[in-house]
Amino acid sequence: MSHHLDSPIARQDIRLDITDLYVFQGEKGTVFAINLCHSIFGPIPVPGYHPEGMYEFKVDLNGDAVEDLTYRFTFDERDAHGKQRYVARYIRAADAVNPDAPGTVVAQGATGETVTTPSGLRVWTGKAGDPFWIEPDVLHAVGHAFQDGTSVDLSGWDASHAKNLFAGHTVYSIVLEVPDGELLPGVGDKLRIGVWAVSTLATNAGGWRSINRVGLPMIHPLFTQYNEDLGNRLNAGRPADDFATYGETVIKAIAGVVSATGTAEDPRAYGEKVAHRFFPNILPYQVGTPAVFGFAEWNGRSLTDNAPNVMFSIAANAPVSLGIGKEVGHLEAVQNLSVRSRRHLRTERAYFREGYRGPAAWAR
């Protein structure tokens, strides 16, 4: 799991549990996508999007780990046909950090429909197959190692029997394509942005409670599978404070595994370097370039990137492989969808050039 069911607070209402964040080059701009409300949770009385919640894409334009742009989505209740109306707002500059800022309405629509605005902004929301894949035995072995300070023990695991825990499961997605001209004016010469997503819930006192915060993939599977209090705390706060707040915890966890594995002369120094890569917990991306989340660089994230292999191996300073890749993950995601869902995956998402083209082609 990248961010699936990652904390007790997120599990209280699965509609607010963001499972993954993707950022990649689209046909005419930059695509931001989040998935949530995962079917692996079990029966969901009212699936979809929380009508009292907010879902936000946060964009840092100058590298200070504070948002300069916010794209905010709010949803109505489900109607008799299961559809939900939504409003998307754009908030910039100092107001981007303010959950009460009214912003400017940039799009309105309903789930299952593609909306294109005169400015070129495009939105799709609705139910889809989960494109993410994970091997459960490897996942749990990694979680135990970083909790207990041991090497990743896969001695009893047979890679030939590797399976995808999320095969056949579904999510609800929010997919936003923003024209690059809307992003570029505030970006420096390197065209670098930093992205994270948050879900918040309105409180009885009139404020907002942070439920989920997602930047880099796999942070929670590495460090919070068996530390749920840390899971709750990582979902709160702001990226700019991440290293000061969580750095020492992550350094110790990494140093413990690397020491047990024997892959660094100074495990703590290695842990410090990796913790500085992990925090602030923001997904970097160079506007206008192909996304790749790999060992050499983190530049956005497409749906075909094997984030678990990358993050598990970097944290352990040793190779950790799931034994499965994009072929298993995407083929299972598509083949286990209903015919109707396959049609939606093919027609409503065909305009995404990077990550969604693969499963769309396989669904034909």
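Each value, and the rule that gives it
- Residues numbered from 1 in each chain as written.
- Predicted model: local features only at pLDDT ≥ 70, side-chain atom pairs only at ≥ 80, totals over all residues.
- Heavy atoms only, no water.
- Helix = DSSP H or I, 4+ residues; strand = E, 2+ residues; numbered from the N terminus.
- Buried < 20%, exposed > 50% of the residue type's maximum accessible area, 1.4 Å probe, protein only.
- Contact = heavy atoms within 4.5 Å.
- Areas by Shrake-Rupley, 256 points an atom, 1.4 Å probe, with all protein chains shown as cover.
- Core = buried A, V, L, I, M, F, W, Y, C linked by side-chain atoms within 4.5 Å.
- Axes fitted to C-alpha atoms, helices over the stretch in contact; angles between N-to-C directions.
- Nonpolar A, V, L, I, M, F, W, Y, C, P; charged D, E, K, R; others polar.
- Pairing = 2+ DSSP bridges.
- Salt bridge = Lys/Arg side-chain N within 4 Å of Asp/Glu carboxyl O.
- Polar contact = N/O pair within 3.5 Å; in protein donor to acceptor, adjacent residues only side chain to side chain.

**Focus on the overall build of the chain**
The helix and strand inventory of the chain stands at 11 helices and 14 strands. Expressed as a percentage of the 364 residues in the chain, the buried residues total 56%. In the chain, 65% of the contacts between residues at least 6 apart in sequence involve partners at least 24 apart. For the chain, the computed accessible surface area is about 14500 Å², with 50% contributed by carbon and sulfur atoms.

**Side note on the nonpolar core**
Generally speaking, soluble globular proteins have nonpolar side chains that are buried together. Ranked by internal contacts, the top residues of the largest apolar core, which has 92 residues, are Phe146 and Phe278. Not counting the four nearest positions on each side in its chain, phenylalanine 146 is found in contact with Leu222, Phe223, Ala253, Ile254, Val257, Ala315 and Ala316.

**Some words on the packing of helix 7 (residues 267–278) against helix 8 (residues 307–316)**
Two measures define how a pair of helices packs: the angle their axes make with one another and the distance between the axes. It is at 9 Å that the axes of helix 7 and helix 8 come closest, and there the two elements cross at 150°. Packed against helix 7, whose contacting residues are Tyr270, Val274, Arg277 and Phe278, the element helix 8 presents Met311, Ile314 and Ala315 at the interface. Grouping the amino acids of the contact of helix 7 with helix 8 by side-chain chemistry returns six nonpolar, no polar and one charged.

**With respect to the sheet that holds strand 8 (residues 122–129)**
The sheet built from five strands is open, its strands ordered 1-2-9-8-7 with antiparallel pairing. Here the strands that pair on one side only, and so sit at the sheet edges, are strand 1 (18–25) and strand 7 (114–116). Adjacent strand axes in the sheet meet at a mean angle of 15°, parallel and antiparallel pairs treated alike. Bridging between strand 2 (residues 29–36) and strand 9 (residues 170–179) involves eight bridges; their strand directions are antiparallel. Bridge pairing in strand 9 places isoleucine 34 opposite isoleucine 174.

**So, the pattern of salt bridges**
On inspection of all chains with the given rule, the structure shows 13 salt bridges. With its nearest N and O atoms 2.8 Å apart, the salt bridge here joins aspartate 13 to arginine 15. When its relative accessible area of 14% is taken as the criterion, arginine 15 is described as buried. Arginine 122 is the partner of glutamate 27 in a salt bridge, and the nearest nitrogen-oxygen pair spans 3.4 Å.

**Quick word on helix 8**
Along helix 8, 10 of the 10 residues are buried, which leaves the element largely enclosed by surrounding structure. Inspection of helix 8 places Ala307, Pro308, Asn309, Val310, Met311, Phe312, Ser313, Ile314, Ala315 and Ala316 among the buried residues, and these make up the whole buried set. Against the buried residues of helix 8 lie helix 2 (136–148), helix 4 (219–223), helix 6 (242–261), helix 7, strand 13 (292–293) and strand 14 (298–299). Between the side-chain oxygen at the start of helix 8 and the backbone nitrogen of asparagine 309 there is a gap of 3.3 Å, and the oxygen is on asparagine 306. Trailing helix 8 by a residue or two, asparagine 317 shows a phi angle of about 55°, which is positive.

**Considerations on the environment of alanine 107**
Of note, alanine 107 is situated in strand 6 (residues 104–110). Along the sequence, alanine 107 and leucine 121 sit 14 residues apart, while their C-alpha atoms lie 8.1 Å from each other. What alanine 107 contacts, discounting residues up to four positions off in sequence, is Tyr86, Val87, Ala88, Val115, Thr117, Leu121 and Val123.

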